[in-house]
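# Summary of the model geometry
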Amino acid sequence: MKSQYRVVVIGGGIVGTSVLYHLAKFGWRDVALIERGELTCGSTWHAAGGFHVLNSNPNIAALQDYTISLYEEVARESGVSVGMHMTGGVSLAASAERMQMLKTERAMYDTLEIETRLVTPEEIRELCPIVEVKDLLGGLYDAHEGYMDPHGTTYAYAGAAKKHGAEIILRNRMTELQQLPDGRWSVITENGTLTADHVVNAAGLWARKVGNMVGVNLPVTPMQHHYLITEDVPELVALDREIVSITDLEGFTYLQPERKGVLLGIYERDPRHWQVDGAEWNFGMDLLPPDIDRILPELSIGFERFPALQNVGIRRWVNGAFTFTPDGNPLVGPVPGKRNYWVACGCMGGFSQGGALGLTLAQWMIHGDPGADIFGMDVARYGAFAAQDDYLKDMTRQFYARRFVISYPNEELPAGRPLKTSPCYEALKSEGAVYGCNWGMETPQFFAPGRPDFIERPTLRRSNAHDFVGDEVRATREAAGMFESAVYARYEVSGPAAAQWLDHLLASKLPRIGRVRLAPMLNPAGKLMGDLTVSRLAGDRFWLIGSYYLQAWHMRWFDDHLPQSGVSLRNLSDAWMGFAVSGPASREIISRLTDQNMSNAAFPFLTCLQMQMVGTDALVARLSLTGELGYEVNVPVTHQLALYEALRSAGKELGLRSIGNRALDSLRLEKSYGIWNSEFTQSCTPGMSNLARQVAFDKGDFIGRDAALRERETGAGKALVTLCIDAADADASGFEPVKCDGKLVGVVTSGAYGHFVKHSLALAYVDRNIANATPNLTVDVVGEPRLARILKEPAHDPRGVRLRS
Ligand SMILES: Cc1cc2nc3c(=O)[nH]c(=O)nc-3n(C[C@H](O)[C@H](O)[C@H](O)COP(=O)(O)OP(=O)(O)OC[C@H]3O[C@@H](n4cnc5c(N)ncnc54)[C@H](O)[C@@H]3O)c2cc1C
């Protein structure tokens, strides 16, 4: 052990060794891993070692594909066998809805160019002769599934890392971390103290404790998990090949070959946490006592699905612990507010995701960019609320119990809710608001007026709420709609250096005083870091509006770039709220609340002004995401209810209606407007996303300028287009493949029914040569190919006349 390192990785499980391997392979020297005991002595040693590409988050599925493709190389480099059995695997469907879901997923894998195919019950029986198929409708076959040796794989990463120059220090617990004034870490271990430029928390079952050491409460907690291993199964002894792995989604079990027997794992509907704060320091390579009575219901289904198991003995029960996060995806990246402190933890599928975590973190540490859209596993996708014990336990319990349950795009799950509500929560509810949840905040999805008993049917197709949404869209286009802007984050930037800082941070020009601008924000690689709206209230005072759920993510970026002095940054997201009011009657409605002249001449498109309204200073900006004449009215949260009541009363005879997120989606797609996490992500560039026109290439230096200029010269390979889809009773929802004569040419980013224009619409990235042609396109909607055509202009008000009226 040396006294100084560039990076110290805490934890020698499958994740920590992968991080170490990637850092060393990509050329960083003086990187070391510190392990409390022996390698694998956390969750890793008793894992079933199963791996698969499939993940409901397509970006994570792509990264899982990377993990699996890496194993051969790691085994070769290290000379250690990873014990890989690429058996292939089948996810079973025993219901029509499940079959539909698998078809939809298969289309998504087409988009990712990951080969999967639908198989019949007969083919399933051929691939795995011990599975009962009489009630099955089919399955989804993935060739890149199988299982491996957890011990061998971890040692292979470690061996390959050492060959690249990394160091591994065993049997030495890190007991304390202290940050030095220069940002480095003093790492105190049982065997001495060392300094490290960076620390990576890859402490698995102990990750929360290792976070607590530096005052960070990570939303990660261990839960129990069972599998059993059988004696030899005669049907398999007679077979001269391995069976495929099987995931019985309706049965809550998975099965994989284990020599001539099988391993049967269970995701029970009544799961249990274990040591919510993380394992004790002296927890060894121990197992927990099996709790067979509790898992009996799922076990019984498993024994019916695989009847041969009823006649063989059980060689071993395993009840072990591994960690879960609220959405089941890992936590990766730099921890907001902690300089040089990184995490790679919360990983429930180390053998599918370990390589991806190592790759992502190493790229991030070395190049300042994770290399792909990894928001789905970024530690900054959560705020402090997510790590509160009650919330964490509720969410992880829900995730575990629903691990194999179908999740529908229109479904709003109950765990951890309501957590945060706006002052208008009850008032909107009494109007019929059906709520969803955005970063812990309840936000209306749609309104079912006069129907307090209305329950939306979860479905992949248009739901029974379709007509309510249609009414909201038409009301907005014909009169006015008011949308609670609780889904917005608001930041105030002020001070003598505020303009200079923002000018460097944002790729657009700054607006003049009293004006508003759409402002893309880039990273040095020229990828999007935000699609903000910036309002200039004074020479040295600005408001930035972004997405509510990106607060921790954006604050981390802002903090990382904030100068030592001259700029004050305040996150006002929970202190201010408001409504976005739009539609032809919106001017009249807003005028009734203020003495301010709201005429087009006095208050044109893209202006902002502080004005007296409902007894307070409101900040009003003239813009809208619906494409209609519209105003975003922001007030201190204390005045939001008063604003709501004033708007309702002013708009009563003018046809004003409350609208929710679904209507907003329909309205914005009719105008071809993109939003974050769909059209705009951290893997997109201004050139491909139509945001280049907001980039001020001539304004001097800003973050990402060189990369954006390069893209302007070479051109982006992809283009964002609007598609009109010949859909029947379902609309695209995102990640469907766009094909031209059967060949993949693009991917849908979001879709919805355009209720006013009466077409099914989608936005999609397609190959640029396709964008300017009139090709014969199809989009797979709920797994079925549908004809589609590119619209040359937005479906509604293409010239933007109404917006500027
Ligand atoms: C029963 C069961 C079956 C599973 N089956 C599968 C499967 O089939 N496929 C799959 O992909 N995943 C499976 N998993 C999950 C898998 O085990 C985890 O995803 C994986 O092991 C997580 O690895 P890790 O490196 O993040 O954490 P861990 O393996 O927990 O490693 C963390 C390491 O950090 C060390 N450490 C902690 N604190 C300190 C400190 N202060 N100082 C020094 N060292 C420290 C620990 O000693 C430990 O070795 C299973 C889990 C269980 C319980």
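In the block above lies the structure referred to throughout.
Below or above, wherever it landed, is the structure these notes cover. Throughout this description, residue numbers start from 1 for each chain and increase along the sequence as written. In keeping with the predicted nature of the model, local features appear solely for residues at pLDDT of at least 70, side-chain atom pairs appear and are counted solely at 80 or more, and the whole-chain, interface and lining totals rest on all residues. Calculated side-chain values reflect all of the structure's heavy atoms, with hydrogen atoms and water omitted.

### Description of helix α10 (residues 389-401)
A turn of α-helix holds 3.6 residues, and therefore any two residues three or four places apart point the same way. A run of H or I in DSSP counts as a helix once it spans at least four residues, and a run of E counts as a strand once it spans at least two, with each numbered from the N terminus. Helices are assigned an expected span. That span is 1.5 Å times one less than the residue count. A rise of 1.5 Å per residue sets the reference length of α10, with its 13 residues, at 18 Å; its end C-alpha atoms lie 18 Å apart and thus fit the reference within 8%. Residues of α10 that are buried include every one of Y391, L392, M395, T396, Q398, Y400 and A401, and no others. Think of it in three bands: with a 1.4 Å probe and only protein chains considered, a residue is buried below 20% of the maximum accessible area for its type, exposed above 50%, and partly exposed in between.

### Focus on the sheet that holds strand β14 (residues 253-258)
Strands are labelled as partners when DSSP assigns at least two bridges between them. Ordered by their spatial adjacency, eight strands build an open sheet running β5-β6-β4-β13-β14-β15-β12-β16, and the pairing between neighbours is mixed. Strands at the two margins of the open sheet, each flanked by one partner only, are β5 (116-119) and β16 (314-324). Going from strand to strand, the sheet's axes swing by 20 degrees on average, the running direction of each strand aside. Pairing of strand β4 (residues 89-93) with strand β6 (residues 138-142) involves five bridges; the strand directions are antiparallel. Bridging from a neighbouring strand, L92 pairs with G139 of β6. Between N-to-C directions, angles cover 0 to 180 degrees, with each direction set by a line fitted to C-alpha atoms, over the stretch in contact for helices.

### Things to note about the sheet that holds strand β35 (residues 759-767)
The strand order around the closed barrel formed by six strands is β32-β35-β34-β33-β36-β37, and the pairing between neighbours is antiparallel. Geometrically, the sheet is characterised by an average inter-axis angle of 40 degrees between neighbouring strands, direction not taken into account. Taken together, the four bridges between strand β32 (residues 718-725) and strand β37 (residues 784-791) define a ladder with antiparallel strand orientation. Bridging from a neighbouring strand, T722 pairs with L791 of β37. By definition, residues are in contact when any of their heavy atoms lie within 4.5 Å. Strand contacts of helix α3 (residues 96-111): β33 (737-740), β34 (743-754), β36 (777-781) and β37, with the helix running at about 65 degrees to β33, the strand carrying the most contacts. Docked against the sheet, helix α17 (residues 661-670) engages β32, β34 and β35, running at close to 125 degrees with respect to β34.

### Topic: the packing of aromatic side chains
Any Phe, Tyr or Trp ring, taking Trp's six-membered ring, that has another such ring centre within 6.5 Å forms a pair; planes under 30 degrees apart are called stacked, those over 60 apart edge-to-face, and the others tilted. Counted according to the given criterion, the structure contains 27 aromatic pairs. Ring plane angle 55 degrees and centroid distance 6.4 Å describe the contact between F51 and Y71, whose orientation is recorded as tilted. Linking F51 in strand β3 (residues 50-51) with Y71 in helix α2 (residues 58-78), this pair joins segments that are 20 residues apart in sequence. Y71 shares its class with F51; the two are buried. Centroid distance F324 to Y400: 5.3 Å. Interplanar angle 50 degrees. Geometry classified as tilted. In this pair, F324 sits in strand β16 while Y400 sits in helix α10, placing the two residues 76 residues apart along the sequence. For the pair formed by F324 and Y400, the shared burial category is buried. Within the aromatic cluster, the residues linked to one another by ring pairs are Y254, Y267, F322, F324, F399, Y400 and F404.

### A closer look at empty space enclosed by the protein
As defined here, a cavity is a set of points on a 1 Å grid over the protein atoms alone where a 1.4 Å probe fits but cannot get out. A pocket is an open set with protein on both sides within 12 Å along at least five of seven lines, and residues line them when an atom is within 4 Å of a point. Grid points are joined across faces, edges and corners, and a volume is the space filled by probe spheres set on the points. One pass over the structure, following the stated rule, counts two cavities of 30 Å³ or more. Within this model, the largest cavity holds a volume of roughly 90 Å³. Around the largest cavity, the lining is made up of 16 residues, and of these A580, S582, S624, L625 and T626 lie nearest the centre. For the lining of the largest cavity, the secondary structure elements donating two or more residues are β21 (480-484), β27 (576-582) and β30 (630-636). For the lining of the largest cavity, the residue count by class is 10 nonpolar, five polar and one charged. Taken as a whole, the second largest cavity spans an internal volume of roughly 50 Å³. Lining the second largest cavity we find V516, T533, S535, I545, L619, A621, L623, E632 and N634. At the level of elements, β24 (528-538), β29 (616-621) and β30 are the ones that each hand at least two residues to the lining of the second largest cavity. Throughout this entry, Asp, Glu, Lys and Arg are counted as charged residues, while Ala, Val, Leu, Ile, Met, Phe, Trp, Tyr, Cys and Pro are counted as nonpolar. The remaining residues, Gly among them, count as polar. Grouping the constituent residues of the lining of the second largest cavity by class yields five nonpolar, three polar and one charged.

### Points about the site of the ligand
Close contacts around the ligand come from 39 residues, with E35, R36, T44, G50 and C347 the closest. We call two N or O atoms a polar contact when they sit within 3.5 Å, provided that within protein one can donate a hydrogen and the other can accept it, with sequence-adjacent residues counted only if both atoms are side-chain atoms. The contact in question runs from an oxygen atom of the ligand to an N or O atom on the side chain of T44, over 2.5 Å. Note that an oxygen atom of the ligand is positioned 2.8 Å from one of the backbone N or O atoms of F351. For the area figures, the Shrake-Rupley method with a 1.4 Å probe applies, and any residue is considered shielded solely by the protein chains shown. Look at the ligand: alone it shows 1,000 Å² of surface, and the protein chains cover 98% of it. The set of elements that each furnish at least two residues to the shell around the ligand consists of α1 (14-25), β12 (221-230), β16 and α9 (350-367). Any residue with a heavy atom positioned within 4 Å of a molecule or strand is treated as near that molecule or strand.

### Brief notes about the pattern of salt bridges
Definition used for salt bridges: Asp or Glu carboxyl oxygen within 4 Å of a side-chain nitrogen of Lys or Arg. In this structure the tally under the stated criterion is 44 salt bridges. Here R208 and D389 are joined by a salt bridge, their closest N and O atoms 2.8 Å apart. Highlighted residues: R208 in helix α6 (residues 207-212) and D389 in helix α10, separated in sequence by 181 residues. Since its relative accessible area comes to 3%, R208 is described here as buried. In this structure D389 comes out as partly exposed when scored by relative accessible area, which is 34%. Here R451 and D453 are joined by a salt bridge, their closest N and O atoms 3.9 Å apart. Through salt bridges with shared partners, one network takes in R106, D110, K739 and D780.

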